[in-house]
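Listed below are the residues making up each chain.
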Amino acid sequence: MNYFSYLCFFWALVGLISRFLIVRYSKKWNKWELNKAYTKKKPRWLYFLGFFGIMLVVFSWYKVFTTKVKYSWIIALLISFTLIKVFNLLFNYNKFRQFVVETLNNRKRWLLINIAIIVFSIILLLMGIFLY
């Protein structure tokens, strides 16, 4: 296995395990998200997460250009899209938190996002197995 398959598997597992926990703990999960993860005041750990996210994207592109793994640019591009969330968390936190609150209170949006993450996670697993 190579870096890109590990990245696919790790990202897929985070998506699938978090969806399992969301369903399993439902209201407790919602309380945790609003009272611990996305508090009214921006948590300091977001700066670490932002730095880690940026470094992950930079390292992924570095690996694209320094290894000869076919289609490695696909996962690097996908991981680059996570910077949208990272930058919103860092520079537009209150609006992002408002989105989280609205999503937790809108069952249809909540369901669509979770289904999309499950489908995306399955695609990542398949990419890790068959593409890399």
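Check the entry above for the structure.
For the structure given in this document, a descriptive report is provided here. (Residues numbered from 1 in each chain as written. Predicted model: local features only at pLDDT ≥ 70, side-chain atom pairs only at ≥ 80, totals over all residues. Heavy atoms only, no water.)

**Details of the side chain of E33**
Stage number 1. Among the structural elements, E33 can be located in helix α1 (residues 3-37).
Stage number 2. Buried charge without a salt bridge: E33, with R19 as the nearest opposite-charge side chain at an N-O distance of 6.6 Å.
Stage number 3. With near-sequence residues (within four places) excluded, E33 lies in contact with Y38, V100 and L104. (Helix = DSSP H or I, 4+ residues; strand = E, 2+ residues; numbered from the N terminus. Buried < 20%, exposed > 50% of the residue type's maximum accessible area, 1.4 Å probe, protein only. Lys, Arg positive; Asp, Glu negative; His and termini not counted. Salt bridge = Lys/Arg side-chain N within 4 Å of Asp/Glu carboxyl O. Contact = heavy atoms within 4.5 Å.)

**Focus: the pattern of salt bridges**
Stage number 1. Using the criterion set out here, one finds one salt bridge in the structure.
Stage number 2. Taking the shortest distance from any N to any O, the salt bridge between R109 and E102 comes out at 4.0 Å.
Stage number 3. Residue classification places R109 among the partly exposed residues on the basis of a relative accessible area of 28%.
Stage number 4. When its relative accessible area of 37% is taken as the criterion, E102 is described as partly exposed.

**Some words on the packing of aromatic side chains**
Stage number 1. Under the criterion given, the structure shown has 10 aromatic pairs.
Stage number 2. An angle of 80° between the planes, with centres 5.1 Å apart, marks the rings of W11 and F120 as edge-to-face. Residue W11 is found in helix α1, and its partner F120 is found in helix α5 (residues 107-131); the two are separated by 109 residues along the sequence.
Stage number 3. Among the residues examined, W11 registers a relative accessible area of 19% and is labelled buried.
Stage number 4. Note on F120: relative accessible area 27%, which makes it partly exposed.
Stage number 5. Put simply, the rings of Y3, F4, F59, Y62 and Y132 pair up and form one aromatic cluster.
Stage number 6. The ring of Y25 carries the charged tip of R24 above its face, separated from the ring centre by 5.2 Å. (Phe/Tyr/Trp six-rings, centres within 6.5 Å; stacked < 30°, edge-to-face > 60°. Lys NZ or Arg CZ within 6 Å of the ring centre and 35° of its normal.)

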